[in-house]
Amino acid sequence: MTATDTTPVSTPDSSGAPILEARGVTMRFGGLTAVKDVDMTVHPGEIVGLIGPNGAGKTTFFNCLTGLYKPTEGEVRLLGEVIPPKPRAVVMAGMARTFQNIRLFANMTALENVMVGRYCRTSSMALTSILRGPKFRREEEATRARAQELLEFVGLGSSAENLARNMPYGDQRRLEIARALATDPKLILLDEPTAGMNPQETKQASDLIFRIRDSGLAVVVIEHDMRFIFNLCDRVLCLVRGEVLVQGSPGEVQSDPRVIEAYIGGGDDDEDDDAAGAAADPTKEEQQ
Amino acid sequence: MSTSTPSNPPTQATSVAPAHSDHDDELVKVHWLDRVPGRGNPAAWPLGLAGALVLIAGTFLSWSYTSDVLGDLSVNFWPGGVQICMIVLGLVALVLLLAHRGPLAGLGAWLDTATSVRALGLGAVAYMLGALGTIAVKSGGIININPGGWISLVGALMLAASGLMLVSRQTKDPLFAKTSSWLEICTIIVLMALVLFGAAYALDVGDGASFVLFLLFVASVAWGLSKAGVFTWIGLISQKNRQVLMLGAFAVAFLFPFTQGGSDENMSIATQVLIFAATALGLNIVVGLAGLLDLGYIAFLGAGAYVGATLSASAFATIDWKPPFLIVVLLGACFSALLGLIIGSPTLRVSGDYLAIVTLAFGEIFRLTMGNLDGNNGPVLTNGPNGIPAIPDLNFFGFDFGQPHVIAGITLGRFANYYFLLLVIAAIIILVFTRLNNSRIGRGWVAIREDEKAAEAMGVNVFGLKLFAFAGGAFLAGMAGTVKAHHDVSVTPDQYIFLESAFLLAAVVLGGMGTVAGVLVGATILKLLPEKLRFVADYRLLIFGLVLVLMMRFRPEGLVASQRRKLEFHEDDEELAQRIEEVHLEEAEAKA
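Residues numbered from 1 in each chain as written. Chains lettered and ligands numbered in written order. Predicted model: local features only at pLDDT ≥ 70, side-chain atom pairs only at ≥ 80, totals over all residues.

## With respect to the overall build of chain B
Along its length, chain B carries 25 helices and four strands. Buried residues in chain B amount to 44% of all 592 residues. (Helix = DSSP H or I, 4+ residues; strand = E, 2+ residues; numbered from the N terminus. Buried ≥ 20, exposed ≤ 12 C-beta atoms within 10 Å, placed from the backbone.)

## Quick look at the sheet that holds strand E6 (residues 95–97) of chain A
All names here are of chain A. The strand order E6-E7-E8-E3-E9-E10 describes an open sheet built from six strands, whose pairing is mixed. Bordering the open sheet on either side are E6 and strand E10 (243–248), each of which pairs with just one other strand. Each neighbouring strand pair of the sheet contributes to a mean axis angle of 20°, computed without reference to strand direction. With four bridges connecting them, strand E3 (residues 47–51) and strand E9 (residues 235–240) associate as parallel partners. (Pairing = 2+ DSSP bridges. Axes fitted to C-alpha atoms, helices over the stretch in contact; angles between N-to-C directions.)

## Some points on the environment of A:Ala34
All names here are of chain A. Topologically, Ala34 is positioned in strand E2 (residues 32–42). Judged by the 22 C-beta atoms lying within 10 Å of it, Ala34 falls in the buried class. Between the alpha carbons of Ala34 and Thr60 there is a distance of 7.1 Å; along the sequence they are 26 residues apart. Not counting the four nearest positions on each side in its chain, Ala34 is found in contact with Met27, Phe29, Gly57, Thr60 and Gly242. (Contact = placed C-beta atoms within 7 Å.)

## Overview of unusual backbone geometry
Residues and elements named next belong to chain A. Positive phi, normally seen in glycine, also occurs at Asp37, with a value near 50°. Mapped onto the elements of the fold, Asp37 is located in strand E2. In this structure Asp37 comes out as partly exposed when scored by C-beta crowding, with 15 C-beta atoms within 10 Å.

## As for the environment of A:Thr33
All names here are of chain A. You can see Thr33 is positioned in strand E2. Taking C-alpha positions, Thr33 is 18 Å from Ile51, a pair spaced 18 residues apart along the chain. Excluding residues within four positions of it along the chain, Thr33 makes contact with Thr26, Arg28 and Gly242.

## Looking at the nonpolar core
Grouped burial of nonpolar side chains is what soluble globular proteins tend to show. Core analysis: the biggest nonpolar cluster contains 184 residues, and A:Val221 and B:Ala277 have the highest contact counts within it. Here this core gets 15 residues from one element, more than from any other, and that element is helix H12 (residues 264–289) of chain B. Once residues within four sequence positions are removed from consideration, B:Ala277 is found in contact with B:Ala426, B:Val519, B:Leu520, B:Ala523 and B:Thr524. In this structure, B:Leu47, B:Val117, B:Leu120 and B:Ile145 belong to the second largest nonpolar core, which totals 53 residues. (Core = buried A, V, L, I, M, F, W, Y, C linked by C-beta atoms within 7 Å.)

## Structural notes on the confidence of the model for chain A
Residues and elements named next belong to chain A. Mean pLDDT over chain A works out to 82, with 86% of the residues at or above the 70 mark. Per-element confidence in chain A ranges from a low mean pLDDT of 43 for helix H11 (residues 275–279) to a high of 93 for helix H3 (residues 110–117). Below pLDDT 50 for its whole length, residues 1–14 participates in 26 contacts with residues either more than four positions away or in separate chains. For the stretch residues 268–288, pLDDT sits under 50, and the model shows 27 contacts to residues farther than four places along the chain or on other chains. (pLDDT = per-residue confidence, 0-100.)

## Side note on helix H19 (residues 462–488) of chain B
Residues and elements named next belong to chain B. An ideal rise of 1.5 Å per residue puts 39 Å on 27 residues; H19 measures up with 38 Å between its terminal C-alpha atoms. Of all 27 residues that make up H19, 24 are buried, and the element is covered over most of its length. Val489, located one to two residues past H19, shows a positive phi value of around 75°. (Expected span 1.5 Å × (residues − 1).)

## Observations concerning the packing of helix H13 (residues 298–310) of chain B against helix H15 (residues 353–372) of chain B
Packed helix pairs are characterised by how far apart their axes lie and by the angle those axes make with each other. All names here are of chain B. Packing of H13 against H15 brings their axes to within 9 Å, and their N-to-C directions diverge by 30°. Looking at the two axes, H13 sits roughly parallel to H15. Judged by the twist between their axes, the crossing of H13 over H15 is left-handed. Packed against H13, whose contacting residues are Ile298, Ala299, Gly302 and Tyr306, the element H15 presents Phe362, Gly363, Phe366 and Met370 at the interface. Partitioning the contact of H13 with H15 into residue classes produces six nonpolar, two polar and no charged. (Parallel < 35°, antiparallel > 145°, perpendicular 65-115°, else oblique. Left-handed = near helix turned anticlockwise from the far one by under 90°. Nonpolar A, V, L, I, M, F, W, Y, C, P; charged D, E, K, R; others polar.)

Now the structure itself:
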């Protein structure tokens, strides 16, 4: 990591073309500017962290990336192409996401949840489904096999037939990741993957994210748990009031006085507190 | 005897425990049954046996002095239909009691016999009171009730008292019952035969009072057996032997016209039920699978019917092209689907309440348009409010649907012919429904129903799938509509009012959204009751409204619920969740 501290555009990892390139993304809701002129680049095999105090605009930025919002200004390029402002098209293009507050299909089994993720990579239409031709059987078989494989990848192989709603919280988080992986993404965006998890589950989650990275995907993570994010990420962006405050390696961001100030406040607090201590604040931003 | 311990041990334990906090208050509540005097009395069992026997004995004696009430109940040792019902109920109660304690105790380990006998006993009392009341009212006085009736009433009361006094025991879960497959298949076949026989009998019953009594009888027996846990088991075996069940159900439906001896009276009701059910099944795709609230669905049936009528050989048909019926069916279905696309493509972007309002308006627009295309306000297409009458019967390769045909010595009338055709259409709709449900598209629909935003974010083509559900449902309704035109002989706008849409929706909700069996049951109930019971026909809106309110309170998942749906509404039922998971696991193992 050779990033100089604050320059907004920094491409430390020069391993080929970036997967994701966000340039000058600005999102205004009426008079409120939630995200202002944010640049971000993600390279293959990279884990990028996105931190910031509550209400800093992290999830809004995520929603701009995934096509849920159309940015007021700026553009997002995925593999060199400008992403269409439609979530489905973004998924087709190779970017999948999870949600801050879990949004599984509660009354479907774990396996079915993941199979829904395969929807955009399969093509059986109505007539094939009704007539049950050989193509349908083959595709259905392949879908099922791939979904089972992904469940095993995230460690849920034995709970394939459980209803999503009955699964423990940590398993639901992992199931959401499996469902996102089922869309065959190049880049996966995780919105607070360890929210509400105990230390052991957090450890499992970071192992899982490393394994996802090792399988060749790039990962972008929003998190409040500083210890988690500084262990995990190659590069960290700190967003404050919609703007990139600091960008750099975990070490740099962690020691930057402005980050500490943003989290703790004016400095009339105990100055020995590090950012991680402040991040333990259980209140989560309630966007979406 | 462990079965006759003085009281329910767990309840007693909690009632002794002192209340520490308001949390404990719930536990302290004594079940009302535990306050019944003589609860757990060892005499309960013989009392029940005696009650059942007395009930049966009473049916062999005359119930009524006059012979013109409820069929003929005035002959000794020659029980009429109303009495035979009580014989059957008494026999079922006997079997359950013998399973509670006695020679069939092995069976009793699986069944909650006490609760079941209670249900049967209370049902029998209600039945006897209803029967005796009817006799008293219709023949002018209690004096006309003969001793047999009183004896049976006493038997029913004894049975009910015994049921209230018996204490239920821990039963084994039917999920773990290991039964041989031939027994399961035989059970399904017997069940199907009973359904066929019951349907034929119910339709044959002449007067309303007997019909209500028969319903009461069926309800009590069903209630009793479901309390005993029999239906859980039947549900399980029918899942295991789904093909046998489907074949059996189809065979029963196919054989039904042969029980009618050429009479068109019941067959016309049966065909109406089938048309209604087929349409409701189409609506079930839209509402039950994709979760789109459609309040104007009847318009799609109407569109098919109008296409069928205008392209028919009727002298009043306005289009001079008479293609073969199969082509008309396709055209009607496609026209309907096209309407679905037209109305769907702008409106499916809105959801929930908005969609309901738009579809409601569409239904009205359709009806008003059909009522005005009479040459005054537009082209002459539908003859306005007069509609298109005198639509001739279908003729398939010389098989005239209007003429009675004799098959195996049994005459099949005009409606029986249409019945078979509609059966084929219903079968097609069921096939489409189940196959789509278990496919990529079905999963997409359920995902949309569960969480539209998440589905979109997972790459599901939300708008396309919604549109397809809408158009597909319209296609199926249009198909049924073309047959309906020939079946009804005339097509007029006032057949396709909003009320019909509401009834279709009620059938889907009442029966159980997303299930085939449920919607069939719901459609049958909603269509059959007003036909058989004139007073229901007069007050049907009041009665169905009440029933729906009660259903939403006590069984929001519908009469026949998919188990998943059941979970959705009874979230706190952890035990059920556990069991369903076990079944899922078992299925998975069986597949492996």
